[in-house]
Amino acid sequence: MTQQSSKKEKRKTSKGNKKKSRKPAFAFLKDERFKVSVGLFFIAFAILLALSFTSFLFTWQGDQSKLDTNVVELFADRNIKVENWIGKLGAVLADAFIHNGFGIASFVFIFIFLIIGFRFLKLRLLPLRKSLFLSLLGMIWLSVLLGFIFTDKLFYLGGAHGYCIAQWLNAFTGKAGTIILLFLFLFAVIIFSYKPALGIIKGWFKKIKHIKPEQLKEEEEADLEDEPSIDKEEQKDTETKPAFEFEADKAENNKNEDKANYDLEVKDTQATEEKPAENVTLTNDGDFDPTLDLRNYKMPPVELLEDHKSGNSKVSEKDLEANSNQIIRTLQDYNIEISKITATVGPTVTMYEIVPAKGVRISKIKNLEDDIALSLAALGIRIIAPIPGRGTIGIEVPNKDPEIVSMRSVLTSKAFLDSDYELPIVMGKKINNEPLVFNLAKMPHLLMAGATGQGKSVGLNAIITSLLYKKHPAQLKFVMVDPKKIELSFYEKLERHFLAKLPDEEEPIITDTQKVIHTLNSLTKEMDQRYDLLKKAGARNIKEYNKKYIKRRLNPEKGHHYLPYIVVIVDEFADLIQTAGKEIEGPIARLAQLARAIGIHLIIATQRPSTNVITGTIKANFPARISFRVSSSIDSRTILDSSGANQLIGRGDMLINDGKELVRAQCAFVDTSEIEGITEYIGSQQGYPSALLLPEPETESSSGAGVSTDDKLDENFEEAARLVVRHQQGSTSLIQRKLSIGYNRAGRIIDQLEAMGIVGPFEGSKARKVLYPDEYALEQYLNSLNEKE
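Definitions and limits used
Residue numbers restart at each chain and count upward from 1, following the sequence in its written direction. With pLDDT at 70 or above as the cut-off, local features in this predicted model cover only qualifying residues; side-chain atom pairs require 80 or more to be listed or tallied, and sums for whole chains, interfaces and linings still use all residues. Derived side-chain values reflect all non-hydrogen atoms in the structure, with water molecules and hydrogen atoms excluded from consideration. Here, nonpolar core means buried Ala, Val, Leu, Ile, Met, Phe, Trp, Tyr and Cys residues that are tied together by side-chain atoms lying within 4.5 Å of each other. Each residue gets one of three labels from its accessible area relative to the maximum for its type: buried under 20%, exposed over 50%, partly exposed in between, using a 1.4 Å probe on protein chains only. Numbering goes from the N terminus for both helices and strands, where a helix is a DSSP run of H or I of at least four residues and a strand is a run of E of at least two. The contact criterion used throughout is that any non-hydrogen atoms of two residues lie within 4.5 Å. Under the pairing criterion, centres of Phe, Tyr and Trp rings, with the six-membered ring standing for Trp, must be within 6.5 Å; the plane angle then separates stacked pairs below 30 degrees from edge-to-face pairs above 60, leaving the rest tilted. Both a distance and an angle decide whether a charge sits over a ring: NZ of Lys or CZ of Arg must be within 6 Å of the ring centre and within 35 degrees of the ring normal. The criterion for strand pairing is that DSSP finds at least two bridges linking the strands in question. Cavity: a set of points on a 1 Å grid over the protein atoms alone where a 1.4 Å probe fits but cannot get out. Pocket: an open set with protein on both sides within 12 Å along at least five of seven lines, its lining residues, like those of a cavity, having an atom within 4 Å of a point. Grid points are joined across faces, edges and corners, and a volume is the space filled by probe spheres set on the points. Polarity classes work like this: nonpolar for Ala, Val, Leu, Ile, Met, Phe, Trp, Tyr, Cys and Pro, charged for Asp, Glu, Lys and Arg, and polar for all others, with Gly in that last group. For every element, the axis is a line fit to its C-alpha atoms; helices are fit only across the contacting stretch, and the angle between N-to-C directions ranges from 0 to 180 degrees. pLDDT measures how confident the predictor is about each residue, on a scale from 0 to 100.

1. Here we look at the nonpolar core
Across soluble globular proteins, you tend to see nonpolar side chains buried next to one another.
Now for step 1: With 107 residues, the main nonpolar core has Met427, Phe478 and Ile584 as its most contacted residues.
Now for step 2: The dominant element in this core, judged by the number of residues it contributes, is helix 17 (residues 513-537), at eight residues.
Now for step 3: Each residue touching Ile584, except ones within four places of it in the same chain, is listed here: Val516, Ile517, Leu520, Phe573, Leu576 and Ile577.

Written as C-alpha cells, this is what we have:
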C-alpha cells in the first residue's frame, strides 16, 4: 500500500511539474529574437516593394497583359516572362498595390513598413500612431486627387481606388464640388495634425477683422481656458484603500489565557473630494507676461503617458487578517501584549499600526524585527518605533503583488493639479495612497541615492516630468549633467525650450568633467549677478523680484529682466567627485548655501552614498534627501541619517526625508518611450532661438588684477585675435574649441585680447564685443605690435 501510494504521489508531482513548466501559448511574442526577426522582415519587405514599385513605373505596359491571367497559372508557367526587376512576385505586388490599389500613392506603404520594422528593432524614428494615421490619410487623399486629374492614359497614377472614388464624387457633387471636398479634407488634416496651424489661421482672420488689441487678448485668454494642458476629465481623486482595524479586547473570562479574541472592524478611509474648478488667470492690461515670446506653446497632454496597471495587485482581507494574527502571535511569544492593531494598505507595502499595552517597552518590539520577518516569510520589513505624532508603532510589510504607480495617475491627481507651488513635484504615492507632492523651491535642494536598478533614474525622470507638465519655458530652465551620457540624453530635444548652457557649447547635456566645472562656476556667477539685481530692486527673493518686474516696477534699461527658475540636475555625482574633487564640491557647496533665494536649485544623484562622496559640507546644505534601496545600513545612515533604506524592496520603493520626518513611498513609473513622446511633443513646437546662455565663468587670470601689456603674450594670441575678429564674437569657448586648447588657457588669451584692446570687457551672459571691424584693420595693428618688438 505504501509503495502504491508513493508511486501515485510521484505521478501527481510529475504531472504538476509538467503543468508548471508549460509556457504560455504566446510567450514567443515577447521574445527579443522574435521581435528582431519581425523587424528585419518588415524592412526587407519595404525594400522589395520599393524595387518592384519603381520598376512598375517603367515596365507596367509590358507586364499588364501577362497579369490578366490567373495568378496560380502565372507562377506555374515558366514560359511567361515579366520585365519587373523583382520578377513575377514584384509584378503581382506592384499591380495589386499601384494599378488595382492607390496608384503611385502606394509608395507610402514603403514608408509605413520601414517605420514598423525599425520600431520592432527599438529604433524610434517617428511617433508610430501619428505617422501611420497621417500616412494613410495622405495616401488616400493623393490617390483620389490623382484619380480625379488623370483618368485615361495615366490611369495607374491614381489607381483603381483613386479612379473609382473620383468618378463617384464627380457624379455626386460635380467637378467643382470634388475640388472643394479635396481641399477641405487636406485643410482638416493639416489642422488636426499640426496644432499651431489653428492659431495661425485665427491670426489671419483677426487681422482681416481689425479687432482691437483688448479684444484679441480676451479671445486668446478664452482659447487658453478652453484648451487646458491636463484634461479635467482626467482628474481622479486619490482613492485611499480601506484600512482594516483590529480591536484587541482581551476577554476577562477567557479560558485560554494565551489567546485573545480580536474583532475585525473595517474602517473606510476613502476621501470623497470634489473636482477642482478650472484655473482662471487674471492679468491686468499693464502687466508684463513672460510667456508672450512663446504664446502658442502648449503643455504636453497626459495622453502621452500610459496608465500602467499591474493587474490584480489588491491585498485581500484574508491576507490582512492572516498577517495581523501572525504579528500578534509573534509578539505574544515574547510576552508582549497589544491593545489595538490597524492595517493601511499602500501600493507597495502595508502598514500595521499597533498600540502596545501599558508597561511594554518600545525597544523590546524594535528588537523583534527579524523575528517578525521570519514569521511572515517576508523581506523588507521595517519597524517604526514610535511613529512621530501618532503614539503608535508601525510595522511595514511588503505586499505580495506590489502595484505599479503610473506617472499619469499622479499627474492627474487633485493634489497636484491644485498645487500653487513655485516648483511643484509629484513623485509617487505614500503608504496611505495619497500623492507625494512637494515644492522644490522650499526644500530647497535635493539629494538622491540608490543602488543600480532600484529606481533612481526613474525618480529623476518623474521630477523632470512633473515640472514639464506645470511650467512654461519662460518660467523654468534646466542645467543637466550626465557623465554616463545616456541617462539624460532624451532631453536634448528641449534645448530651445527648457535648457540652459554655456555660450558656444554645442551639446546641451553636459557630459565632460571639465565642462561640468566650468558650468558650475558659471552658475555661481549667474547667482552673483542675480543677487545684484535683487539688491537694486529692493527684493529679498526671486518671487518678489519677478512680481515687481511683472507689475512693471523695474526698468529693463537698467539691466532688469524676468528671472526663470534654474534647476540643476547632476547624475552620477560620485564619479564627478572622484574625478575632480574640490573643483566640483566647492561651487556646489556655494550654490547650495546661497542660491535658494535667487531661484537656483540643485538635485544631486549618486549610486554610492559614501562619506567621501557625500561630505559633511554637502549634507549640511541638502536637508531634503531621497533614498531608494541601498546595499548597507551604513549607506542608509549616510544619506538619511538613519537606517531603513537597506530594507527597502527595490523597484521604486523609496524613503524621503524632508528635514522633518521620514516618509515611505512608491515612486511613479514613467517609461523611456513616454519621455521620448513628451520631449518630441515639446521640441516640435516653436522655441527660442537657442538655449538660455549662462555667463562665461571666471578663469584663473580673470579673477586676478588683470593682464599687463608688458606680459608675454600667448603663442596662439595672433591666431585667436584673427579668429574672434573673423567671427565677430569674443568668446572663450570659441577660442577653446577652434584652437583645441584648455579652457583656462583660452581664458588667459581672452584676457590678453581685452588688455590689448581687441575685445571689450566682460558683459555677463553676452559674448564680448569685438573692437575691430575686419581682419585688415587687425593685421595693421598686429604689424605695429611686431615692429615695436
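Here the narrative resumes.
2. Comments concerning the packing of aromatic side chains
Now for step 1: Applying the stated criterion to the full structure yields 17 aromatic pairs.
Now for step 2: Centre to centre, the rings of Phe41 and Phe42 are 6.0 Å apart; their planes meet at 70°, and the pair counts as edge-to-face.
Now for step 3: When its relative accessible area of 52% is taken as the criterion, Phe41 is described as exposed.
Now for step 4: Considering the side-chain rings of Phe53 and Phe107, the 5.5 Å spacing of their centres and the 75° angle between planes classify their relative orientation as edge-to-face. Pair noted here: Phe53 is in helix 2 (residues 32-64) and Phe107 is in the loop between helix 4 (87-102) and helix 5 (108-120), with a separation of 54 residues, a long-range link.
Now for step 5: Taking relative accessible area as the criterion, Phe107 reaches 28% and is therefore assigned partly exposed.
Now for step 6: Taken together through their ring pairs, the aromatic side chains of Phe41, Phe42, Phe45, Phe53, Phe97, Phe102, Phe107, Phe109, Phe113 and Phe120 make up a single cluster.
Now for step 7: When the ring centre of Phe416 is taken as reference, the NZ or CZ atom of Lys470 above it lies at 5.3 Å.

3. Digging into the pairing of strand 8 (residues 435-439)
Now for step 1: Of all five residues making up strand 8, four are buried, and the element is well covered by its neighbours.
Now for step 2: In this structure, strand 7 (residues 424-430) lies alongside strand 8, joined through four bridges in antiparallel fashion. In the sheet register, Ile425 faces strand 8, and the bridge partner there is Phe438.
Now for step 3: In textbook terms, the turn of a hairpin is the stretch between consecutive antiparallel strands, and for strand 7 and strand 8 this stretch comprises four residues, one of which, Asn433, has a positive phi near 70°.

4. Points about unusual backbone geometry
Now for step 1: Cis geometry marks the peptide bond from Met443 to Pro444, where omega comes out at -10°.
Now for step 2: Note that Pro444 resides in the loop between strand 8 and strand 9 (446-449).
Now for step 3: Not every positive phi belongs to a glycine, and Asn335 is a case in point at roughly 60°.
Now for step 4: Relative to the helices and strands, Asn335 is located in the loop between helix 10 (317-333) and strand 3 (338-345).
Now for step 5: Even without glycine at this site, Lys485 takes up a positive phi of about 70°.
Now for step 6: Within the secondary structure, Lys485 is located in the loop between strand 10 (476-481) and helix 16 (495-498).
Now for step 7: Using a relative accessible area of 53% as the deciding quantity, one classes Lys485 as exposed.

5. So, the layout of surface pockets
Now for step 1: Space inside the second largest pocket adds up to approximately 1,300 Å³.
Now for step 2: Lys430, Glu661, Leu662, Val663 and Arg664 are, among the 50 residues lining the second largest pocket, the residues nearest its centre.
Now for step 3: For the lining of the second largest pocket, the secondary structure elements donating two or more residues are strand 1 (243-248), strand 3, strand 4 (349-356), strand 5 (382-384), strand 8 and strand 16 (662-667).
Now for step 4: Sorting elements by how many residues they give to the lining of the second largest pocket places strand 8 first, with five residues.
Now for step 5: Its residues placed into classes, the lining of the second largest pocket shows 21 nonpolar, 13 polar and 16 charged.

6. A few points about the pairing of strand 12 (residues 565-570)
Now for step 1: Among the six residues that make up strand 12, six are buried, leaving the element largely enclosed by the rest of the structure.
Now for step 2: Side-chain alternation along strand 12 places Tyr565, Val567 and Ile569 on one buried face and Ile566, Val568 and Val570 on a second face that is also buried.
Now for step 3: Note: strand 10 against strand 12, six bridges, orientation parallel. Of the residues in strand 12, the one forming a bridge with Val479 is Val568.

7. A closer look at the environment of Val345
Now for step 1: Mapped onto the elements of the fold, Val345 is located in strand 3.
Now for step 2: Its relative accessible area of 4% is what places Val345 among the buried residues.
Now for step 3: In this structure, the C-alpha to C-alpha distance between Val345 and Asn399, residues 54 residues apart in sequence, is 8.5 Å.

8. A look at the sheet that holds strand 10
Now for step 1: Within the open sheet, the nine strands sit side by side as 8-7-16-15-14-9-13-12-10. Their pairing is mixed. Either end of the sheet is taken by a strand with one partner, and the two such strands are strand 8 and strand 10. The mean angle between the axes of side-by-side strands here comes to 30°, regardless of whether they run parallel or antiparallel.
Now for step 2: Here strand 9 runs beside strand 13 (residues 600-606); their pairing, made up of four bridges, is parallel. Bridge pairing links Met448 to Ala605 in strand 13.
Now for step 3: Packing of helix 17 onto the sheet brings it into contact with strand 10, strand 12 and strand 13, and relative to strand 12 it is tilted by some 155°.

9. Observations regarding the confidence of the model for the protein
Now for step 1: When pLDDT is averaged along the protein, the result is 80, and 81% of the positions lie at 70 or above.
Now for step 2: Scored below 50 in pLDDT, residues 209-236 shows 43 contacts in the model against residues more than four places distant or in partner chains.
Now for step 3: Contacts for the low-pLDDT stretch residues 238-284, under 50 throughout, to residues beyond four places or in other chains number 89 contacts.

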